[in-house]
Amino acid sequence: METLYSSMLSIVKLILSGDKALYEIILLSLKVSIAATTIGMLLGIPFGTLMGMYRFPGRQVVVIIIYTLMGLPPVLAGVIIYLLLSAKGPLGELQLLFTPTAMVTAQVLLVTPIITGLTMVAVRGKEKLYLETAVSMGASRLQAAWLVIREAKAGIMAAIVTAFGRAIAEVGAVMLVGGNIEHVTRVMTTSIILETRKGNFDLALSLGLVLLAISFMINGFLVAGVLKYLQRGEQY
Amino acid sequence: MVPAFSLNGVIVEFNNQPVLDIGELVFDDRIIHAVIGPSGAGKSTLLRVLNMLQKPTQGSVTYFGNPLPYNGANSLAARRSMSMVFQTPAMFSGNVYDNVALGLRLRDVKTKEVRAKVFQALETVGLTDLTKRSAATLSGGEAQRIALARALVVNPRVLLLDEPTANLDPGNVTIIEDVIKRIPHETGITIIIVTHNLYQAKRLSQQAVFLNKGKIVESSSTDEIFNNPKAQETKLFVSGEMVY
């Protein structure tokens with residue numbers, strides 16, 4: 001209890017101190033997580049929509065693979081990207097290991113299946129009701145897909161929120177491919193590990209609570225945005 | 001006059017089992033047709049075939065003299081010339097106005113024109129006061145009338161209605177039937193209504209098709225079907241004695 005109380009005090013002090021290193025770490029955490037989630041959205045939403053809307057031979061196998069990858073251990077994702085980007089790896093020439101780009105790549109591998117799988121479920125839930133209505137109203141294939149996505153937006157938004165949550169809280173993969181290098185690849189989660197190992201539990205807990213607060217704010221914005229969108233009626 | 005639809009040897013199978021087997025059937029233009037029959041007779045499947053939502057396993061369908069293009073470049077144009085109202089209407093998120101305007105927006109109709117046409121369609125179904133109401137809050141009867149307005153707003157050549165008044169209160173049934181009766185006179189379109197309500201078929205249609213177990217039992221004028229049926233099955237069905 002005493003540790004928690006002193007942590008709360010430390011958070012306030014930490015945030016008010018204007019510590020450049022802290023803001024650098026927070027900013028990099030946000031940049032990496034937002035970039036990974038955005039790329040995951042660009043890949044996962046169209047793929048999940050197609051999976052939710054169309055039946056084809058072998059679809060079930062693809063669905064099982066997606067569900068399996070949704071639970072991909074972060075450390076395994078980290079090892080895969082590490083091996084690809086290491087000096088002797090197939091992409092070693094790009095010299096991306098221990099850079100924020102490598103961290104984003106590892107996180108994309110983690111969040112894309114989540115966005116794909118949850119989008120697929122959200123679209124499938126709406127597809128039966130809305131796809132035929134849209135088509136019978138004269139929608140082209142693309143227009144019909146867009147209308148189904150629009151109806152499934154609450155589920156898709158949940159997918160994005162879940163993916164962002166996984167990205168910002170992830171430590172195993174970013175530690176492996178980022179290396180926790182000060183001023184280069186140090187993010188909130190890797191800092192927490194470092195401070196814990198050094199015995200600075202107050203600071204570690206403070207950083208953890210700051211991470212939680214940031215996550216709360218971003219999710220708040222996302223949820224508020226969705227609610228506003230759901231209640232919106234187009235003006236005429 | 002070229003018929004709206006002409007079906008020849010149409011068979012629809014699900015899991016290798018035929019659910020619809022139509023030898024020959026013609027839907028003349030500019031009148032109201034009723035498709036009647038017991039549950040599971042293939043009435044809705046027939047409507048889905050006409051609306052291109054279901055491609056027949058075998059056979060051909062012509063639409064105003066041309067083959068109905070289930071795939072390819074012409075399919076969108078053909079689909080956009082007809083409208084369908086489902087038994088349970090799916091309302092898209094947004095308000096009533098957005099829902100009625102959707103078909104026009106999909107066809108890139110100019111905003112000014114959209115507004116005029118939406119209000120005209122809402123006036124037809126008597127719901128101009130609901131424009132700003134969220135579509136999610138509509139009652140069953142209101143939603144079905146909005147679905148009808150949504151179908152009419154695009155000026156279709158053919159209107160397909162799948163049990164449009166099932167489970168509705170008598171007030172809404174009367175309003176919807178009045179609109180359906182008026183449309184061919186005002187717009188000259190063809191209406192095909194699937195219904196298991198025999199009185200409704202009698203009240204609305206000029207031609208009727210009686211389907212049972214996926215096959216046509218009888219097809220002729222509504223008067224003939226109800227007052228002078230040829231087949232024994234039809235006699236039993238229209239007299240309410242058929243057990244199914």
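Scroll up to find the structure this text is about.
Everything quoted here is computed from the prediction, not taken from an experiment.

**A word on the overall build of chain B**
- Along the backbone of chain B there are 9 helices and 10 strands.
- Radius of gyration (C-alpha) of chain B: 18 Å, near the 18 Å computed for a compact globule of 244 residues.
- Principal-axis analysis of the C-alpha atoms places the extent of chain B at approximately 55 × 45 × 35 Å.
- Expressed as a percentage of its 244 residues, the buried residues of chain B come to 56%.
- Of the contacts formed within chain B by residues at least 6 apart in sequence, a portion of 64% connects residues at least 24 apart.
- Within the structure as shown, chain B displays about 11000 Å² of accessible surface, and the carbon and sulfur contribution to it stands at 47%.

**What about the layout of surface pockets?**
- By volume, the largest pocket amounts to about 1000 Å³.
- Together, 30 residues line the largest pocket, and Leu 131, Glu 132 and Val 135 of chain A together with Arg 48 and Leu 53 of chain B are the ones closest to its centre.
- Secondary-structure elements contributing two or more residues to the lining of the largest pocket are helix H5 (100-136) and helix H6 (141-151) of chain A together with helix H2 (75-79) of chain B.
- Ranked by residues supplied to the lining of the largest pocket, first place goes to H5 of chain A with 7 residues.
- Residues of the lining of the largest pocket, tallied by class, amount to 13 nonpolar, 8 polar and 9 charged.

**A few points about the interface of chain B and chain A**
- With 29 residues of chain B in contact, the opposing surface of chain A contributes 20 residues.
- Taken together, the two surfaces of chain B and chain A that pack against each other cover about 2100 Å², and 57% of this comes from carbon and sulfur.
- Sorting the residues of chain B by area buried against chain A places Phe 92, Ser 93 and Leu 106 of chain B first, and these three jointly supply 27% of that buried surface.
- There are 1 salt bridge connecting chain B and chain A.
- There are 8 residue pairs in polar contact (both at pLDDT 80 or more) connecting chain B and chain A.
- At 7 residues, helix H3 (residues 96-106) of chain B tops the list of elements feeding residues into the side of chain B that touches chain A.
- By residue class, the composition of the side of chain B that touches chain A is 12 nonpolar, 8 polar and 9 charged.

**A look at unusual backbone geometry**
Residue and element names in this part refer to chain A.
- For Gln 95, which is not glycine, the phi torsion reads 50° and is therefore positive.
- Mapped onto the fold, Gln 95 is located in the loop between helix H4 (74-85) and H5.
- Of the residues examined, Gln 95 reaches a relative accessible area of 66% and is grouped as exposed.

**With respect to the nonpolar core**
- Membership of the largest hydrophobic core comes to 59 residues, with the highest contact counts inside it found for Phe 5, Leu 7, Phe 27, Leu 50, Val 61 and Leu 160 of chain B.
- Take this core: its biggest share by element is 9 residues, from H5 of chain A.
- Counting residues in hydrophobic clusters, the runner-up holds 48 residues, among them Tyr 97, Leu 138, Val 179 and Ile 225 of chain B.

**Things to note about the packing of aromatic side chains**
- A complete count under the given rule lists 7 aromatic pairs over all chains for this structure.
- Judged by centre distance (6.2 Å) and plane angle (70°), the rings of Tyr 82 of chain A and Phe 98 of chain A are edge-to-face. Linking Tyr 82 of chain A in helix H4 with Phe 98 of chain A in the loop between H4 and H5, this pair joins segments that are 16 residues apart in sequence.
- Here Tyr 82 of chain A falls in the partly exposed class, since its relative accessible area comes to 32%.
- Where Tyr 130 of chain A meets Phe 92 of chain B, the ring centres are 5.1 Å apart and the plane angle is 45°; that geometry is what we call tilted. In this pair, Tyr 130 of chain A is assigned in helix H5 and Phe 92 of chain B in the loop between strand E6 (82-85) and H3, connecting two distinct chains.

**Section: the packing of helix H2 (residues 20-53) of chain A against H5 of chain A**
Residues and elements named next belong to chain A.
- Orientation of H2 relative to H5, taken along the N-to-C sense of each, is 35°, at an axis distance of 5 Å. Remark: the crossing between H2 and H5 carries right-handed chirality.
- For the contact of H2 with H5, the residue count by class is 20 nonpolar, 11 polar and 2 charged.

**Section: the pairing of strand E7 (residues 158-162) of chain B**
All names here are of chain B.
- Counting buried residues along E7, 5 of its 5 residues qualify, which places the element largely inside the surrounding structure.
- In this structure, E7 lies alongside strand E8 (residues 190-194), joined through 5 bridges in parallel fashion. When the bridges of E8 are listed, Leu 160 appears paired with Ile 192.
- Chirality of the crossover, the property in question, places the unit of E7, helix H6 (residues 170-187) and E8 among those that are right-handed.

**A word on helix H3 (residues 59-70) of chain A**
- The first and last C-alpha atoms of H3 of chain A sit 17 Å apart over 12 residues, in line with the 16 Å expected at 1.5 Å per residue.
- Contacts from the buried residues of H3 of chain A go to H2 and H5 of chain A.

**Side note on the packing of H2 of chain A against helix H7 (residues 153-169) of chain A**
Residue and element names in this part refer to chain A.
- Relative orientation of the contacting elements H2 and H7 amounts to 140°, with a least axis distance of 9 Å. When the axis of H2 is compared with that of H7, the two are oblique. Crossing hand, H2 versus H7: right-handed. When H2 is examined against H7, the residues Leu 30, Ser 33, Ile 34, Thr 37, Met 41 and Ile 45 are found in contact with a partner set consisting of Ile 156, Ile 160, Ala 163, Phe 164, Ala 167 and Ile 168.
- For the contact of H2 with H7, a count of residues per class yields 10 nonpolar, 2 polar and no charged.

**Focus: H2 of chain A**
- An ideal rise of 1.5 Å per residue puts 50 Å on 34 residues; H2 of chain A measures up with 48 Å between its terminal C-alpha atoms.
- Its maximal kink placed at Met 41 of chain A, H2 of chain A deviates by approximately 30°.

About the thresholds
Residues numbered from 1 in each chain as written. Chains lettered and ligands numbered in written order. Predicted model: local features only at pLDDT ≥ 70, side-chain atom pairs only at ≥ 80, totals over all residues. Heavy atoms only, no water. Helix = DSSP H or I, 4+ residues; strand = E, 2+ residues; numbered from the N terminus. Rg over C-alpha atoms; globule rule 2.2 N^0.38 Å. Buried < 20%, exposed > 50% of the residue type's maximum accessible area, 1.4 Å probe, protein only. Contact = heavy atoms within 4.5 Å. Areas by Shrake-Rupley, 256 points an atom, 1.4 Å probe, with all protein chains shown as cover. 1 Å grid on protein atoms, 1.4 Å probe; cavity = no way out; pocket = protein on both sides within 12 Å on 5 of 7 lines; lining within 4 Å. Points joined across faces, edges and corners; volume = space filled by probe spheres on them. Nonpolar A, V, L, I, M, F, W, Y, C, P; charged D, E, K, R; others polar. Buried area = accessible area lost by both parts, 1.4 Å probe. Salt bridge = Lys/Arg side-chain N within 4 Å of Asp/Glu carboxyl O. Polar contact = N/O pair within 3.5 Å; in protein donor to acceptor, adjacent residues only side chain to side chain. Core = buried A, V, L, I, M, F, W, Y, C linked by side-chain atoms within 4.5 Å. Phe/Tyr/Trp six-rings, centres within 6.5 Å; stacked < 30°, edge-to-face > 60°. Axes fitted to C-alpha atoms, helices over the stretch in contact; angles between N-to-C directions. Left-handed = near helix turned anticlockwise from the far one by under 90°. Pairing = 2+ DSSP bridges. Right-handed = clockwise from strand over helix to strand, strands pointing away. Expected span 1.5 Å × (residues − 1). Parallel < 35°, antiparallel > 145°, perpendicular 65-115°, else oblique. Bend = angle between axes of the 7 residues up to and from the residue.

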